[in-house]
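Understanding the architecture of this molecule
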Amino acid sequence: MYKLPGNAGVSVFGDKSLEFYRDPVSFCQQRIEKHRSRVFQCRMLNRPTAFICSVQGMRELLCEKSNLFLKDPTDLMTNMYGDTVVTTNGEEACLLRLSLTSLFAGSCLESSSDYITSVCERCLKDLSLSGQPECVYSAFKRLGTELVLGLFLNIRAEEQPDLFQEIMQLCTQHWHGLISAPINLKVPLWSSGFSTALDARDKLMVIIKDKLENDTQGFVGSLGSLPLPDSTSASQHLLLFISALIPKALASLLTSFTLALSGNKQARLRAMEDPDYLRTVLLEVQRLWPPFIGGRRIADQDTTIAGFPVPKDYGAIYISHSVHRDPEVFQQPDNFLPERWSGRNAGQEHYLCSFGNGPRSCIGTKLTDVFLKEACMYLLKHYDWCLDPPSQDLEYKWLPVSRPANPPTISFTRLDLTRSDRSDTN
Ligand code: HEM
């Protein structure tokens, strides 16, 4: 058997984490070309790590061999959110998933649908009002925040604006800690981002616990009555669900959607009239611009990926951007071609990993799907839009959540107003 292409480097000095975090896409692209292989090794987080950039490798890691690769319980996610399903393994993870999944399916999901409709209407109805181009990423992040706080905590921006604002700020502070170095250091008049984040987390926990104790309605009510492993589990999961992570991921996809269809009136009309075409547009958006770069596991025993040996205790990272551009599966991988999903790639949605894949895939996929379709339909039905100014630098950054590094601005023109304006002048 051939060894994993590349070099695991020596401890500490051979570590490539910084280089990876600076530009993960070029990091992988360079090595794919150098090793002529979409699976290779490097030292990441000071651990020899297999990088998986092919569809076949991703499917082995996340599906066929998912029981051989474990989540890392010492991950930064545990530091910031406590013990949640995200970093749990084995039977405990199965039971947690079973309990939590019920909140994101069937009647629970159906009961969210009116709120999703109303929040899209409220947050998107004024996009053309100022007459100025909109910074779409910020507008969509606000929409995502209203969605998660309303849905998961019963806190509506229009009913409790001060509390809403306070939670939003705390979530932002908490988030900045997640992406800052984990140094819990406090000296008079100065505290590191990480310790500010931990303070924000404590304040959020007080609000969340109060909700869990006193609110019997909606998601928070259902979560409070689920059989969970211990008394802190419900609050820690709520902290995860309302964190800035989800609004940012939603804003990422909505931004990529508006950019992909800006200046393409034909495609917008078709997406509005044909739900299947909208489905293929959204698949292509998540293929080319997945919000998260990927996920990480640790090998629990000696095994193989794509025929290469992966020793026990090696890390394994799947890179969604590279998996989604694997030319073995996706012809013309860098081109935006929604038609591929009703042609050559029909029925191959399981070759994507924007929401993970296999037994540890995202439990919020259905909710996200309902929300995205609602938001996109609102935009398609009510607006024409184009980049303003027409020429902007749309180069993406991929971490912590993908979006153009320079926030793009878009001008929206209301379609219904255009029509009534027209009839006024007739
Ligand atoms: C655009 C929106 C979203 C994206 C792109 C996304 C993406 C992902 C990805 C890639 C994973 C797998 C991580 C891995 O393999 O290590 C994941 C897992 C997870 N997601 Fe999402 N997610 C989104 C929305 C949501 C929502 C709305 C919720 C719930 C409120 C949610 C809850 C979770 C949980 C609990 C897991 C962990 C599952 C497990 O480890 O078994 N996500 N998500």
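Each value, and the rule that gives it
Residues numbered from 1 in each chain as written. Predicted model: local features only at pLDDT ≥ 70, side-chain atom pairs only at ≥ 80, totals over all residues. Helix = DSSP H or I, 4+ residues; strand = E, 2+ residues; numbered from the N terminus. Rg over C-alpha atoms; globule rule 2.2 N^0.38 Å. Buried ≥ 20, exposed ≤ 12 C-beta atoms within 10 Å, placed from the backbone. Contact = placed C-beta atoms within 7 Å. Core = buried A, V, L, I, M, F, W, Y, C linked by C-beta atoms within 7 Å. Near = placed C-beta within 6 Å. Nonpolar A, V, L, I, M, F, W, Y, C, P; charged D, E, K, R; others polar. Expected span 1.5 Å × (residues − 1). Bend = angle between axes of the 7 residues up to and from the residue. Pairing = 2+ DSSP bridges.

The name given to the protein chain in an unreviewed UniProt entry is Cytochrome P450, with Perca flavescens as the source organism.

1. Observations concerning the overall build of the protein chain
From N to C terminus, the protein chain includes 17 helices and 14 strands. Its C-alpha atoms give the protein chain a radius of gyration of 22 Å, within 12% of the compact-globule value 22 Å for 426 residues. Among the 426 residues that make up the protein chain, the fraction classed as buried is 40%. Partitioning the contacts of the protein chain with sequence separation of at least 6, the portion at a separation of at least 24 is 70%.

2. Looking at the nonpolar core
With 102 residues, the main nonpolar core has Phe 51, Ile 52, Phe 152 and Ala 316 as its most contacted residues. Counting residues per element, this core draws most heavily on helix 7 (residues 136-153), at 11 residues. Residues within four places of Ala 316 in sequence aside, it is in contact with Thr 49, Ala 50, Ile 52, Leu 61, Phe 69, Arg 297, Ala 299, Ile 305 and Val 310.

3. Things to note about the site of the ligand
Residues in close proximity to the ligand total 21 residues, the closest being Ala 249, Gly 295, Gly 356, Cys 362 and Gly 364. Of all elements in the fold, only helix 5 (90-101), helix 12 (245-261) and helix 16 (365-382) reach the threshold of two or more residues within the shell around the ligand. Looking at which element gives the most residues to the shell around the ligand, the answer is helix 12, with 4 residues. Class assignment of the residues belonging to the shell around the ligand gives a composition of 14 nonpolar, 5 polar and 2 charged.

4. Considering helix 6 (residues 106-124)
For helix 6, spanning 19 residues, the distance from its first C-alpha to its last is 27 Å, which sits close to the expected 27 Å at 1.5 Å a residue. The largest bend in helix 6 comes to about 30°, at Ser 113. Three or more residues of helix 6 are buried, namely Ser 112, Ile 116, Val 119, Cys 120 and Cys 123. Of the surrounding secondary structure, the elements contacted by the buried residues of helix 6 are helix 7 and helix 16.

5. Re the environment of Gly 343
Residue position: Gly 343 is located in the loop between helix 15 (320-323) and helix 16. Residues Gly 343 and Leu 4, spaced 339 residues apart in sequence, show a C-alpha to C-alpha distance of 34 Å.

6. Some points on the sheet that holds strand 11 (residues 383-387)
The 3 strands are arranged 4-14-11 in an open sheet whose pairing can be described as antiparallel. A single partner strand is all that each edge strand has here, and the edge strands are strand 4 (134-135) and strand 11. Bridge count between strand 4 and strand 14 (residues 409-414): 2 bridges; the pairing is antiparallel. Directly across from Cys 135, in strand 14, lies its bridge partner Thr 409.

7. A few points about the pairing of strand 14
Both strand 11 and strand 14 contribute to a ladder of 5 bridges, which runs antiparallel. The residue of strand 14 that forms the bridge with Tyr 383 is Arg 414.

8. Regarding the sheet that holds strand 7 (residues 294-299)
In space, the 5 strands of this open sheet follow the order 1-2-10-7-3, with mixed pairing throughout. One side of each edge strand has no neighbouring strand; the edge strands of this open sheet are strand 1 (39-44) and strand 3 (69-70). Bridge count between strand 3 and strand 7: 2 bridges; the pairing is antiparallel. Paired with Phe 69 across the bridge in strand 7 is Ala 299.

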